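Here's the letter readout for the chains.
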There are 2 protein chains.
Amino acid sequence: MTASPAIAAPSQPLDAAALAAHIAADPGLSAFFGADMANLSIREIGDGNLNFVFHVAGGGRALAIKQAMPYSRMSGGARALTAERLTYEKLALEEFARHAPAHVPAIHHFDAERALLGQEFLSPHVIMRKGMMDGVVYPHFAEHMAAYLSACLFATSDFALTASDKRRKVARFAGNVELCEITERLVFTEPFTLSDNNRWTSPELDAEAAAIRGDEVLKQAVSALKLAFLTRSDALLHADLHTGSIMLTETDTRVIDPEFAVFGPMGFDIGMLIGNLFLNCFAQLAYETEPGGRAAYRAFVLGAVEEIWTGFAARFAALWREKRTGDAYPMRLFPEAAALEAVLARYLQDVLADALGFAGVEMIRRTLGRAHTPDYDAITDRQRRCLSEKLALSHGVMLLRAPRGGMSMTEATDAARRLIGAAPGR
Amino acid sequence: MTASPAIAAPSQPLDAAALAAHIAADPGLSAFFGADMANLSIREIGDGNLNFVFHVAGGGRALAIKQAMPYSRMSGGARALTAERLTYEKLALEEFARHAPAHVPAIHHFDAERALLGQEFLSPHVIMRKGMMDGVVYPHFAEHMAAYLSACLFATSDFALTASDKRRKVARFAGNVELCEITERLVFTEPFTLSDNNRWTSPELDAEAAAIRGDEVLKQAVSALKLAFLTRSDALLHADLHTGSIMLTETDTRVIDPEFAVFGPMGFDIGMLIGNLFLNCFAQLAYETEPGGRAAYRAFVLGAVEEIWTGFAARFAALWREKRTGDAYPMRLFPEAAALEAVLARYLQDVLADALGFAGVEMIRRTLGRAHTPDYDAITDRQRRCLSEKLALSHGVMLLRAPRGGMSMTEATDAARRLIGAAPGR
């Protein structure tokens, strides 16, 4: 059997028959599912912005097979994107699996020519964002994310790697220009000026949007963070680490979809993540069917924000003290980790300042820019959605306008608690 | 005529006959020199650490043809290096020629397979370092270097380039790992610890070397600068911009040999350059045949340091105000340059702080590390050499230990003047 033309030329999404033919023709895939090819179950399950995803099950096993088309799915084919992003996703999954294997899906198939990536089908995992909207508490989520972030960011930094190994890794990801461009434009630029791509709840949020567009201090802070994203290769980032890129159960947490991966400032991944947690926290207010009905869940979310940071900082510090094998602050110059405690503390302070800033950017751009989140899209009561959105904007603006380095993570969560406590109708 | 095997396999340096055969076989080169191939004059003139360089003249024209061997020339073949560095040199020369054409040699020939790069033979130019040792004043040098630095660093930064164009350029240079490793080790690491590669005037400088190896504050400052070199892709650097990489006359200044080119912090190029000027300034003391005989020359050198910085800052600011076409602090968010004057001032302050630090690193590593400079090697009077070396070390240490951002360029040059004024025997 030969691969069908429909697969060989990935100009249109696979249909089930073509994918079945591809699986049957691939020795690794057919072995994975066993002999009974006729009974494979194949269905398209993708709900992301860029790719198609197929659930394939057979012989008691299942894979999620992702297909990258040469355009953005969200654009309906209008926005050209090379399928190379799938190669970066695979490279990143492999890199992250070396450092945090418990928190990354396993890869079972990769076909660059057909732009197919077959991964472990995670079950009974759900997308974190959906679980949060449903009010599901994940008691190990924060601890797992602190472990994932500290392991991946430290191991791909100059604190762990020789300069040459680091530069070679940076070079491998440096070509992921197309997806970076999406971040640079949709995250850091368009939401802070007039753009046809922007949308917000209008006219209710018109005044807030205009104030943000006219806030020079805020725009400078956003642009300083953008410059850091453009110039700093501190560590390999997932670079799209929102709650839609996490699948989990109460006991297992996996980070998926690192196709935006690029070297950048560590605070970017942490900031994106906590920005999405803050966003969800404010949205919870609108989910309440009785006053205070989601108060305990909000406490869980803000607690998770704090725990992600303290867990990250503690684990990162332990790695710094025990596994500093890289060319930055090298063992040759600093054999005693104790001599570097002040350097470490300042470094973490800088990561925190960056993370709070990136979180602020994320909250604003998800409210005023092109890509909103289901946390808010699902709120049908317009007045309640506006209230939550205004809180998210206020909090984001506060994070960005605060003097750099002047805020702890608990001050950031306390500010969220105060905003919610003072909200109309509370 | 076919290329000789000796050329096709660049495992040993070309001889004149083989190079003549290559030139005759290359239509571009033979046209350059005209018909009279028999009368080509070819001689090896390289005095650098890495490559062989041939002066080739004929038909009233001349080229400098550089050949990169798959090892470092300085090591006598012991240290393997791919000849790829010549490709980076060519890419960098082309990039810099777009922004500062008056200050870069023209390329007339490139043969990647044979690792040959033919450039304009600069005449009557001399290597800046030699001219300075001879006490030659170059009245336009500082102005030219300010023009070169501001044009090249601005144009390859995110202030001029779109994020995607910048990332593509970064990706093109990201593979220049081998030469970066030399910088990372010989500049930032070995001179600050014990290494077989280090050498210094011993026992006279033993105490100074030991004090530097034990100075935790200084080593932390050096390592912070190294981390910046490892992680920040602010602009395309020459990355080896000492006075041996500049050829000039009284009216014309050219920057040669950018084979170390890589994206990095702007202050690195500026700091290497002024570090070498400071080094020469302290060496001048030992060149005097009568007390004060080189005082005027030292004043020229320190004046050049100041003028390079003020010239760079003024020209960079003008480019920022008038040609800010990049994705950092984009025109879309900041149509009025006036709104960014404070951002610009802070940015230049950071570049200055970096430059002063990198200058301090350069002065120390050229005195205690592997690669010394002819400015000092030429001083035959051991006592006088030691005195100059101690001044250079003192000044370097002072630059590195000063609170970051607390020093202006004139404070740095004044400190050099005070050190010289207080030197024994003055």
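Residues numbered from 1 in each chain as written. Chains lettered and ligands numbered in written order. Predicted model: local features only at pLDDT ≥ 70, side-chain atom pairs only at ≥ 80, totals over all residues.

Quick word on the overall build of chain A
Cut-off, in case you're wondering: For helices the rule is a DSSP run of H or I covering at least 4 residues; for strands it is a run of E covering at least 2, with both sets numbered from the N terminus onward. The quantity called the radius of gyration is restricted to C-alpha atoms. Its globule counterpart is 2.2 Å times the number of residues to the power 0.38. For every residue, the other C-beta atoms within 10 Å of its own C-beta are counted; 20 or more classify it as buried, 12 or fewer as exposed, and values in between as partly exposed. C-beta atoms are placed from the backbone. Note on contacts: residues are paired as contacts if their backbone-placed C-beta atoms lie within 7 Å.
Looking only at helices and strands, chain A has 16 helices and 10 strands in total. Compactness check: chain A gives a C-alpha radius of gyration of 22 Å against a globular reference of 22 Å for 426 residues, within 12% of the reference. Taking the principal axes of its C-alpha atoms as reference, chain A extends roughly 65 × 60 × 40 Å. Residues classed as buried in chain A amount to 50% of the 426 residues present. Taking contacts inside chain A between residues at least 6 apart in sequence as the whole, the part at least 24 apart equals 71%.

Details of the sheet that holds strand β6 (residues 126-127) of chain B
Residue and element names in this part refer to chain B. Which entries qualify depends on this criterion: Strands are labelled as partners when DSSP assigns at least two bridges between them.
Read across the open sheet, the three strands follow the order β6-β8-β9; overall the sheet is antiparallel. Looking at the sheet topology across the chains shown, the edges are occupied by β6 and β9 (253-255). Examined bridge by bridge, β6 and strand β8 (residues 246-248) share two bridges and lie antiparallel to one another. Opposite Ile127, over in β8, you have Met247 as the bridge partner.

A few points about the relation of the copies chain B and chain A
What counts here: Here the copies are matched by least squares. The fit uses the C-alpha atoms of residues with pLDDT of at least 70 in both.
Note on the copies: chain B fits chain A at an RMSD of 0.0 Å, the axial shift is 0.0 Å, and the rotation between them is 180°. On this basis, the relationship between the two copies can be described by a two-fold rotation axis. The position closest to the rotation axis in chain B is occupied by the C-alpha of Arg232(B), lying 2.4 Å away. Most of the interface of chain B is mirrored in chain A: 100% of its interface residues are interface residues there too.

Details of the sheet that holds strand β6 (residues 126-127) of chain A
Pairing is antiparallel in the open sheet, where three strands are placed in the order β6-β8-β9 (chain A). Of all the strands in the sheet, just β6 and β9 (253-255) of chain A have a single pairing partner and so form its edges.

Side note on the domain arrangement of chain A
Residues and elements named next belong to chain A. Stated formally: Where each domain starts and ends comes from a domain assignment, either automatic or drawn from a database. Here the nonpolar group is Ala, Val, Leu, Ile, Met, Phe, Trp, Tyr, Cys and Pro; Asp, Glu, Lys and Arg are the charged ones; every other residue, Gly included, is treated as polar.
Domain annotation of chain A identifies domain 1 (5-120) and domain 2 (126-421). Taking only C-alpha atoms, the centre of domain 1 and the centre of domain 2 are 28 Å apart. Between domain 1 and domain 2, the contact holds 17 residues from the first and 21 residues from the second. Across the side of domain 1 that touches domain 2, the residue classes tally to 10 nonpolar, four polar and three charged.

Observations concerning the pairing of strand β2 (residues 52-58) of chain A
Residue and element names in this part refer to chain A. The element β2 is largely enclosed, with a buried count of five among its seven residues. With four bridges joining them, strand β1 (residues 41-44) and β2 adopt antiparallel strand pairing. From the neighbouring strand, Arg43 faces β2, where its bridge partner is His55. Bridge analysis of β2 against strand β3 (residues 61-67) gives seven bridges, and the strand direction is antiparallel. Bridged to Ala57 within β3 is Ala62.

Some thoughts on the confidence of the model for chain A
Residues and elements named next belong to chain A. Which entries qualify depends on this criterion: The pLDDT value tells you how sure the predictor is about a given residue, anywhere from 0 up to 100.
Per-residue pLDDT for chain A has a mean of 94; in total, 97% of the residues score no lower than 70. Note that residues 1-9 has pLDDT below 50 and, in this model, 18 contacts with residues that lie over four places away or in other chains. Reported confidence for the predicted complex is 0.94 by ipTM and 0.95 by pTM.

Observations regarding the packing of helix α12 (residues 295-322) of chain B against helix α13 (residues 341-368) of chain B
Residue and element names in this part refer to chain B. Using the following cut-off: Angles here are taken between N-to-C directions and fall from 0 to 180 degrees, while the axes themselves are lines fitted to C-alpha atoms, restricted in helices to the stretch in contact. In this scheme the handedness of a crossing depends on how the near helix is turned from the far one: anticlockwise by less than a right angle means left-handed, clockwise means right-handed.
Relative to each other, α12 and α13 sit at 145°, their axes nearing to 11 Å. The handedness of the crossing between α12 and α13 is right-handed. For the pair α12 and α13, the contacting residues are Trp309, Ala313, Phe316, Ala317 and Trp320 in the first and Leu344, Leu348 and Leu352 in the second. Partitioning the contact of α12 with α13 into residue classes produces eight nonpolar, no polar and no charged.

Some details on unusual backbone geometry
Of note, the bond from Ser123(A) into Pro124(A) is cis; its omega dihedral lies within 30 degrees of zero at 10°. Along the chain, Pro124(A) falls in the loop between β5 (116-120) and β6. With an omega dihedral of 10°, the bond running from Ser202(A) to Pro203(A) counts as a cis peptide bond. For Pro203(A), the position within the fold is in the loop between α8 (177-186) and α9 (206-213). Here the phi dihedral of Ala239(A) falls at roughly 75°; this positive angle occurs in a residue that is not glycine. Even without a glycine there, the phi angle at Ala115(B) is positive, about 55°. Structurally, Ala115(B) can be placed in the loop between β4 (107-111) and β5 (116-120). For Ala115(B), a count of 23 C-beta atoms within 10 Å translates into the label buried.

Examining α8(A)
Every buried residue of α8(A) is listed here: Leu179(A), Cys180(A), Thr183(A), Glu184(A) and Arg185(A). Turning to α8(A), the residues buried within the fold contact α4 (85-99), α10 (216-231) and β10 (262-264) of chain A together with α7 (163-173) of chain B.

Some remarks on helix α2 (residues 16-25) of chain A
Which entries qualify depends on this criterion: Note that the arc is computed from the directions linking the helix axis to the C-beta atoms.
Of all the residues in α2(A), the buried ones are Leu19(A), His22(A) and Ile23(A). Around the axis of α2(A), the buried residues are gathered within 100° of arc, so they sit on the same side.

Side note on the packing of helix α7 (residues 163-173) of chain A against helix α8 (residues 177-187) of chain B
A pair of packed helices is characterised by two quantities: the angle between their axes and the separation of those axes. At a closest axis distance of 9 Å, the pairing of α7(A) and α8(B) adopts a crossing angle of 145°. Crossing of α7(A) over α8(B) shows right-handed handedness. Where α7(A) abuts α8(B), its residues Ala163(A), Ser164(A), Arg167(A) and Arg168(A) lie against Val177(B), Cys180(B), Glu181(B) and Glu184(B). Here the contact of α7(A) with α8(B) is built from residues that sort into three nonpolar, one polar and four charged.

Some points on the nonpolar core
As a reminder, the rule being used: Core membership is restricted to buried Ala, Val, Leu, Ile, Met, Phe, Trp, Tyr and Cys residues, and these are joined into a nonpolar core through C-beta atoms within 7 Å.
Formed by 220 residues in total, the largest nonpolar core has its most connected members in Phe278(A), Val305(A), Ile308(A), Phe278(B), Val305(B) and Ile308(B). Sequence-distant contacts of Val305(B), defined by excluding residues within four places in its chain, comprise Ile274(B), Leu277(B), Phe278(B), Met409(B) and Thr413(B).

A word on the environment of Lys166(A)
Looking at where Lys166(A) falls in the secondary structure, it is placed in helix α7. Residue Lys166(A) is classed as buried on the basis of its C-beta count, with 27 C-beta atoms lying within 10 Å. Counting along the chain gives 249 residues from Lys166(A) to Ala415(A), while the straight-line C-alpha distance between them is 38 Å. For Lys166(A), the contacting residues outside a window of four places in its chain are Asp158(A), Leu161(A) and Leu230(B).

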